[in-house]
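Descriptive analysis of the structure
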Amino acid sequence: MSVPDSFNPLGYAALSDSLSRALMRSPLLSMGRAAEEPFHGYGVYALFYDGDFPAYRRLADWNRTHPGSWPIYIGVAAPKTLKGLAYDPEDVDSDRVERKLYERVRHHARSIGRASNLDLSDFSCRLLVLSSVWAPVAESAMIAAYEPLWNAYVPGFGNHAQGSGRSAGLQTVWDTLHPGRRMVGRPNPKTVSEIEAEVRQALEETWQRRFRE
């Protein structure tokens, strides 16, 4: 007889899978609606795109036929790590939290709205309110599972203040590809054509690994 599998329901793999499934089962909302209806809580979220930006065609086509199934971005809304006297264990499960998840979605909606070649109506999202303990675990699990484009290959979307405090730095890849937000940094050495070519290749490889039936 073969040795039975060992399963730990509280192990990292099991928890990650459970959190990922919970997020992907949550309602699919338009970004515009999600950004207009305030709510309280920390949590994790996934953004989806189904528009006509040429470099995103592989991902957009998939989301048009399988709505809300291939995230373009995964994010988390959680408090800063507190230590010593600043840390209160009772705050972990408290319902007295700020609107952090809502504020992150609203921030992203504004960033997308300022981009000259994106339309907010082409974006949707899934939201999951979680204790601040579990939110980062869910984010890591989702990024590992889906390799979201704006997390893995087009960095810069989640930045709060573009170029703030680093005026000698480079413009982010995201802002180079989607101009419109205020930038202070020097131009990125990668051209838009180069970034678009890398994006198409990355999406094709992700589709082959994760979605090809």
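Residues numbered from 1 in each chain as written. Predicted model: local features only at pLDDT ≥ 70, side-chain atom pairs only at ≥ 80, totals over all residues. Heavy atoms only, no water.

When you tally the buried positions in strand 2 (residues 43–49), you get seven out of seven residues, the bulk of the element. Burial along strand 2 is two-sided: the face carrying Gly43, Tyr45, Leu47 and Tyr49 and the face carrying Val44, Ala46 and Phe48 are both buried. Bridge count between strand 2 and strand 3 (residues 73–77): five bridges; the pairing is antiparallel. Across the sheet, the residue bridging to Tyr45 is Gly75, located in strand 3. Where strand 2 meets strand 4 (residues 123–129), seven bridges bridge the pair, whose relative direction is antiparallel. What sits directly across from Gly43, in strand 4, is Val129. (Buried < 20%, exposed > 50% of the residue type's maximum accessible area, 1.4 Å probe, protein only. Helix = DSSP H or I, 4+ residues; strand = E, 2+ residues; numbered from the N terminus. Pairing = 2+ DSSP bridges.)

This paragraph deals with the nonpolar core. Among the nonpolar cores identified, the biggest contains 51 residues, and Tyr49, Tyr56, Ile72, Trp150 and Val199 are the most heavily contacted of them. Ranked by residues supplied to this core, first place goes to strand 2 with six residues. Contact partners of Tyr49, with chain neighbours within four places excluded, come to Tyr56, Leu59, Ala60, Asn63, Ile72, Leu118, Asp122 and Phe123. (Core = buried A, V, L, I, M, F, W, Y, C linked by side-chain atoms within 4.5 Å. Contact = heavy atoms within 4.5 Å.)

Aromatic ring pairs are reported here in terms of the distance separating the ring centres and the angle at which the planes meet. The full count for this structure, using the stated rule, is 14 aromatic pairs. Between Phe39 and Tyr102, the aromatic rings sit 6.0 Å apart at their centres with planes inclined by 65 degrees, giving edge-to-face as the arrangement. Of the two residues, Phe39 is situated in the loop between helix 2 (31–34) and strand 2 and Tyr102 in helix 4 (residues 100–114); the sequence distance between them amounts to 63 residues. With a centroid separation of 5.6 Å and an interplanar angle of 85 degrees, the aromatic rings of Tyr49 and Tyr56 are classed as edge-to-face. The residues Tyr49 and Tyr56 share a single accessibility class, namely buried. Through a chain of ring-to-ring contacts, the aromatic side chains of Tyr45, Tyr49, Phe53, Tyr56, Tyr73, Phe123, Trp150, Phe157 and Trp174 assemble into a single cluster. Above the face of the Trp207 ring, Arg58 is positioned so that its terminal group lies 3.9 Å from the ring centre. (Phe/Tyr/Trp six-rings, centres within 6.5 Å; stacked < 30°, edge-to-face > 60°. Lys NZ or Arg CZ within 6 Å of the ring centre and 35° of its normal.)

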